[in-house]
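Residues per chain are reported as follows:
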Amino acid sequence: MTHRYVMSVDQGTTSTRCILFDARGRLVSVVQREHQQHFPRPGWVEHDAAEIWRNLARLMPEALARAGASAEQIVGLGIANQRETTVLWDRRTGAPIGRAIVWQDTRTDRVVEQLTREPGAKRVRELCGLPLATYFSAPKIRWLLDQTPGLPERAECGEVLFGTTESWLIWNLTGGLHITDVTNASRTMLMNLRTLSWDDELLDFFGIPRAMLPEIRSSTEVYGTTTTVVPGIRIAAALGDQQAALFGQTCFAPGEAKCTYGTGSFLLLNTGQTPVRSAHGMLTTVGFKIGAEPAVYALEGSIAVTGSLVQWLRDSLELIGTAPEIETLARTVADNGGCYIVPAFSGLFAPHWHSEARGVIAGLTSYITKGHLARAVLEATGWQTREVVDAMNADSGLALSTLRVDGGMTANNLLMQIVADVLDVPVVRPMVAETVSLGAAYAAGLSVGYWPDLEGLRRNWHRAGQWQPTMAQARREAEYVNWRQAVELTFGWMRPVDAARPPGTDVVDVILDDHRRMENLLRELRDDDADRAGVLRELASQLSAHVAATERVLHTDPAEGLVPEDPDELERVVQAHIRDEERTLLNELRRTLSPSDRTALGRAFTAERTRRFAP
Ligand SMILES: Nc1ncnc2c1ncn2[C@@H]1O[C@H](COP(=O)(O)OP(=O)(O)O)[C@@H](O)[C@H]1O
Ligand SMILES: O=P(O)(O)OC[C@H](O)CO
C-alpha cells in the first residue's frame, strides 16, 4: 500500500523546516535550514528573502527523499510562517527589493511616533485590533516606500508587491500567485478585523497603495498547485506560525489557549467567532478561518524576546556554548541572587507596548555570578509570561487553569518549572513539540479531506510532560514586585529625537534634540555599512542650519565659523560644539529666561532652523 503524507513548511525567524506527517500526526521526516540574521544597525533586523526561498527549494525535495516518498504521495502542503516580516518584490522579475524587514526590527520607531500624533491614529486599533507599534507590517512597508524615490509610484501601479513570507513562498512555488491568508493579513495593520478585507481608511492612514497587496484568502483552502521545485503539490493551507501552533495544540474551542516558546513567545487564547477588544494590552487577531466557515478570533499576548535572550547569552556574551547549557548553568545557583534581566531589545511588546523601552540588568552586586545571570534569563521568560497571563485573564474575565506549551524552549525543564511557579498553574507539553508544523499540516490535511474533522485531530493530542507549581505564594508575590520594578526602569530609554517637536516647545529642548540628532549621525559614521558621504553631507547641513539659527535667534557668536569640509575636522567641530553649548549656553538659558520666553524662542529657533536647512 502506498503511504500518503501531508507536507508542512514552518518558515520561522531563524530557520525554515519541512516536515512530512502521517495520518496519525506522527513525524515521518524532518529537514531544516537556518538563514542568516542581518543586524546592520542597532535595532535593525533583516532577512534575505531570496535565501529563504533557496532554502525551501532545497528542503522540499530533501524531506521527500528522507521519507523515500514522491510528490504523488503528498496530499497537500500547509505553510506556517513568521508573521509581520515584510518582503517587497518586483512583479516582473520576481526579485526582492532590498532585504526583508523582520518583525523584531525597531527602525520605524520614529515613523510610529509621528503616526500616533496624526488624526485617525485612535481609529487604527478599532479597525485592525492592533496598537500602533514597530512590530507590524504597515510601518515597515511605509518606511521601505519612503526610502527609494519612485518606489511609491511603482507600488501604486502594482509593479512592486508586498507579502509576508508565506506570500513570498507561495508566489515562488506557483510562479506568480499573489495571496495571503487571513491570519497573516491580520498582522499587517491594514486588514479590517470584521470584514476581513483591506481597509481604505487604514490604507490611507499609512499611505499604502492597495495594488501592492495580496488577495486575502481563508487559512484552509486549496490556493493552487506548485509548478516548480516539486511540481504538482496542492498548496492547501497557510497560517501565521503562532496561529498554526494554536491549531496544532487543538485549541479549537473558545477558552482554549497555548503559549509557544521560541525566539519570542506568543500566548494565544481562542475567543470564538467575535473579536474581543482588549483593555489590557493584548492584540485582537484572527486565529484561523476554515474554508467558507466564519473566522475564529484570538486574543494574543506577544513577547518579543525569550529564546533570543538565550541566544544573546550564547552568541554575544559567550557565557554558554549551546542553548541547552543555560539550564546547567542556571542550576549552579539556588536563586537569582537579586538580579533581574528585562530584555526590551525590541522595545517591550505585550502588555506594555513601549517601543522606546530598552533592556536592563537590574540588582547587580558583586555577589552575582554567571549562574545568577542564567537564572535571570530564564526567569525573564517566566515573568513576561505572567504579565501576559494576568492581562489575558483581566480581558477574558476567566482565570487560566492550565497552560499548554510548545516550541524550542520547552525542552528546558527548569524553565517549565519556573513558568508553572510564577503563574501558579500547571504547565503541560504535548508529545509533538513541533506544534507549528503540526498545525500547518492539520490545516492542509483538513482542507483536502485527509482528516475528516477537528474532533479526529483532538484525539492525536497526547500529554508528554507536566509541571506543577511549587513556589510559596509570598515569595512569588515578592519576586513579581521586583520584576515589575525592573520593567519600569526600561521605559523611556530612547527619546524620539527626530520627531519634529510641535511649535512652541522650550528652546533648550529644541537645541538638545538637534544635538542628539547630530550625535546619531556621528554614530552612523562609525558603521561600516553606512553611506559615509551621505551621512557627512547630512551632518554638515544639520550643523550649518543649527549654528545659523543659534546665531540669529540667540545672538550668540559661535566659535565654529565655517562648517569644515574635512570629515575628521567636521566630527571634531560637532563634538566640540555640542559639549560647549550644553555646558554654557543651555544652562544660561535655563537660568536667565522664563518658561514662556524659552517657548517663544523655541518657536523662532525651529522656524529659522527649518529655513536654513538645505539637505
Ligand atoms: N534548552 C533550551 N533552553 C532554553 N532555550 C532554548 C533551549 N533550546 C532552544 N532554546 C531557544 O529556543 C529558540 C528556538 O526555538 P524554536 O521553537 O526553534 O524557535 P523559532 O521557531 O522562533 O525559530 C532559540 O531562541 C533558542 O535559544
Ligand atoms: O518565527 P517565530 O517562531 O520566531 O515566530 C515569530 C512570530 O510569528 C512573530 O510574530
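Note that this is a predicted model, so its numbers are computed, not measured. (Residues numbered from 1 in each chain as written. Chains lettered and ligands numbered in written order. Predicted model: local features only at pLDDT ≥ 70, side-chain atom pairs only at ≥ 80, totals over all residues. Heavy atoms only, no water.)

1. Some thoughts on the UniProt feature "domain: Carbohydrate kinase FGGY N-terminal" (unreviewed entry) in the chain
And then number 1: Here the UniProt-annotated "domain: Carbohydrate kinase FGGY N-terminal" (unreviewed entry) positions come out as residues 5–248.
And then number 2: A distance of 16 Å separates the end C-alpha atoms of residues 5–248, which is 33% helix and 25% strand. (UniProt positions renumbered as here; feature names shortened; annotations may be inferred. Helix = DSSP H or I, 4+ residues; strand = E, 2+ residues; numbered from the N terminus.)

2. Things to note about the packing of aromatic side chains
And then number 1: Under the definition given, this model contains 19 aromatic pairs.
And then number 2: Summarising the aromatic geometry, the rings of Trp 312 and Phe 345 are spaced 5.4 Å apart at their centres and angled 65° between planes, so their arrangement reads as edge-to-face. Here Trp 312 is found in helix H10 (residues 307–315), whereas its partner Phe 345 is found in the loop between strand E17 (340–342) and strand E18 (360–362), with 33 residues between them in sequence.
And then number 3: What makes Trp 312 partly exposed here is its relative accessible area of 26%. (Phe/Tyr/Trp six-rings, centres within 6.5 Å; stacked < 30°, edge-to-face > 60°. Buried < 20%, exposed > 50% of the residue type's maximum accessible area, 1.4 Å probe, protein only.)

3. Digging into the site of ligand 2
And then number 1: By nearness alone, every residue bordering ligand 2 is listed as Gly 12, Thr 13, Gln 82, Arg 83, Glu 84, Trp 103, Tyr 135, Asp 241, Gln 242, Thr 263 and Phe 266.
And then number 2: Arg 83 is positioned with one of its side-chain polar atoms (N or O) 3.0 Å from an oxygen atom of ligand 2.
And then number 3: Between ligand 2 and Asp 241 there is a distance of 2.6 Å, counted from an oxygen atom to a side-chain nitrogen or oxygen.
And then number 4: Out of a free accessible area of 310 Å², ligand 2 has 92% covered by protein chains.
And then number 5: Here the residues of the shell around ligand 2 are counted per class, giving three nonpolar, five polar and three charged. (Near = heavy atom within 4 Å. Polar contact = N/O pair within 3.5 Å; in protein donor to acceptor, adjacent residues only side chain to side chain. Areas by Shrake-Rupley, 256 points an atom, 1.4 Å probe, with all protein chains shown as cover. Nonpolar A, V, L, I, M, F, W, Y, C, P; charged D, E, K, R; others polar.)

4. Points about the pattern of salt bridges
And then number 1: A complete count under the given rule lists 36 salt bridges for this structure.
And then number 2: Glu 126 is the salt-bridge partner of Arg 123, the closest N and O atoms lying 2.9 Å from each other. Of this pair, Arg 123 and Glu 126 both sit in helix H3 (residues 121–128), three residues apart, which is roughly one turn of that helix.
And then number 3: Looking at Glu 126, the relative accessible area reads 45%, which means it is partly exposed.
And then number 4: In this structure, Asp 315 engages Arg 314 in a salt bridge whose closest nitrogen and oxygen atoms are separated by 2.7 Å.
And then number 5: Overall, the relative accessible area of 44% leaves Asp 315 in the partly exposed class.
And then number 6: Here the residues in one salt-bridge network are Arg 83, Glu 84, Arg 187, Asp 241 and Glu 300, joined through shared partners. (Salt bridge = Lys/Arg side-chain N within 4 Å of Asp/Glu carboxyl O.)

5. Things to note about the domain arrangement of the chain
And then number 1: In terms of domain boundaries, the chain breaks down into domain 1 (256–284 + 294–432 + 453–489) and domain 2 (507–613).
And then number 2: The C-alpha-based centres of domain 1 and domain 2 are spaced at 44 Å. (Domains from an automatic or database assignment.)

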